[in-house]
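Examination of the molecular architecture
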Amino acid sequence: GENVEQHPSTLSVQEGDSAVIKCTYSDSASNYFPWYKQELGKRPQLIIDIRSNVGEKKDQRIAVTLNKTAKHFSLHITETQPEDSAVYFCAGHNTDKLIFGTGTRLQVFP
Amino acid sequence: ETGVTQSPTHLIKTRGQQVTLRCSSQSGHNTVSWYQQALGQGPQFIFQYYREEENGRGNFPPRFSGLQFPNYSSELNVNALELDDSALYLCASSASPLPSTDTQYFGPGTRLTVL
């Protein structure tokens, strides 16, 4: 079955800097990779996703890249702001279920 | 915010007891997936319900069971509670059972504490 690994577990950046979170997956049949943001005490919220027919997707300050050959995908946040501080989860899928990574705690310092 | 709601918000039980958690799906959605999120971990898939039938199950014992009703709301039942069952339980609503086709929208979760 699918296994998703996520790095780093914690990431601290200065406001305005960029942040990159990386994930690898094991199932070459996976074709959908969402990213969720979870603020303390709140629900996970989808911030961006990518399907395997594209290599990159961008939404304002957030972008995701996918390398199917290497089986890894990354989240890029540019011009970070304090409100970007949260735990970010990548996910792959196995038919009907999402398989989540272990999360990255991002702290953005003013 | 999504239209997915869960109740109760918090719950405290003791070992051996039984618990029922509830989830109301977003309007127009026929699929509910349940996840367990232990502290500091990513959500783990428990099972999924699609049109009132179980449609996939993760690596959880049979004491975790569920239901889906004709209005597509859902219940998660856990029998013989153990300390390790303490976690945030999340449900996710979607328009189809395939996450690659339709986004899963999460509810706010139920925080279960087992003493």
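In this text the structure is predicted, and so the values were computed from the model without any measurement. Numbers given to residues run from 1 along each chain, matching the order in which its sequence is written. Chains and ligands are labelled by the order in which they are written, letters from A for the one and numbers from 1 for the other. Thresholds applied to this predicted model are a pLDDT of at least 70 for local features of residues and 80 or more for the giving and counting of side-chain atom pairs; totals over whole chains, interfaces and linings are not thresholded and use all residues. Think of the side-chain values as coming from all heavy atoms in the structure, minus any hydrogens and water.

Description of the sheet that holds strand β3 (residues 19-25) of chain A
All names here are of chain A. Whether two strands pair depends on DSSP finding at least two bridges between them. Elements are defined by DSSP. Helices are runs of H or I of four residues or more, strands are runs of E of two residues or more, and each kind is numbered from the N terminus. Ordered in space as β1-β3-β8-β7-β6, the five strands form an open sheet in which the pairing is antiparallel. For this open sheet the edge positions go to β1 (4-7) and β6 (56-59), each flanked by a neighbour on one side alone. Direction aside, the axes of adjacent strands within the sheet are offset by 15° on average. Bridging between strand β7 (residues 62-67) and strand β8 (residues 72-77) involves six bridges; their strand directions are antiparallel. Paired with A63 across the bridge in β8 is H76. Think of each axis as a best-fit line through the C-alpha atoms, taken over the contacting stretch in the case of a helix, with angles from 0 to 180 degrees between the N-to-C directions.

Notes on the pairing of strand β4 (residues 31-37) of chain B
All names here are of chain B. Of all seven residues in β4, seven are buried; the element is thus mostly enclosed. When accessible area is computed with a 1.4 Å probe and restricted to protein chains, residues below 20% of their type maximum are described as buried, those above 50% as exposed, and intermediate ones as partly exposed. Alternating residues of β4 divide into T31, S33, Y35 and Q37 and V32, W34 and Q36, and every residue in both groups is buried. Strand direction decides the pairing type here: β4 and strand β5 (residues 44-50), joined by six bridges, are antiparallel. The partner of W34 across the bridge, within β5, is F47.

Section: the nonpolar core
Formed by 24 residues in total, the largest nonpolar core has its most connected members in A:W35, A:F73, A:L75, A:Y88 and A:L106. Among buried residues, the Ala, Val, Leu, Ile, Met, Phe, Trp, Tyr and Cys ones that are joined through side-chain atoms within 4.5 Å form a nonpolar core. Ranked by size, the runner-up nonpolar core spans 20 residues in total, among them B:L11, B:L21, B:A87 and B:L112.

Structural notes on the environment of A:I50
Residue and element names in this part refer to chain A. Examined against the element boundaries, I50 turns out to sit in strand β5 (residues 45-51). I50 sits 18 residues away from Y32 along the chain, and the two C-alpha atoms are 6.0 Å apart. We call two residues contacting when some pair of their heavy atoms lies within 4.5 Å. When residues no more than four places from it in sequence are discounted, the contact partners of I50 are N31, Y32, F33, G55, E56, K57, V64 and L66.

Concerning the pattern of salt bridges
Residues and elements named next belong to chain B. Put simply, a salt bridge is a Lys or Arg side-chain nitrogen that is within 4 Å of an Asp or Glu carboxyl oxygen. Applying the stated criterion to the full structure yields six salt bridges over all chains. R57 serves as the salt-bridge partner of E54, at 3.4 Å between the closest nitrogen and oxygen. Residue D85 pairs with R63 through a salt bridge whose shortest N-O separation is 2.8 Å. Highlighted residues: D85 in the loop between β8 (74-78) and β9 (87-94) and R63 in the loop between β6 (53-57) and β7 (64-68), separated in sequence by 22 residues. With respect to burial, D85 and R63 carry one shared label: buried.

As for the packing of aromatic side chains
Working definition: a ring pair exists when centres of Phe, Tyr or Trp rings (six-membered ring for Trp) sit within 6.5 Å. Plane angles under 30 degrees give stacked, over 60 give edge-to-face, the rest tilted. Summed over the entire model, instances satisfying the criterion amount to 13 aromatic pairs over all chains. Judged by centre distance (5.7 Å) and plane angle (55°), the ring pair of A:Y36 and A:F100 falls under tilted. Here the residue A:Y36 occupies a position in strand β4 (residues 32-38), and A:F100 occupies one in strand β10 (residues 97-100), the gap between them amounting to 64 residues. This pair shows no difference in class: A:Y36 is buried, exactly as A:F100 is. Ring plane angle 65° and centroid distance 5.1 Å describe the contact between B:F60 and B:F64, whose orientation is recorded as edge-to-face. The exposure class of B:F60 is buried, given its relative accessible area of 15%. Cluster of aromatic residues (ring-pair linked, three or more members): A:Y36, A:F89, A:F100, B:Y35, B:F45 and B:F106.

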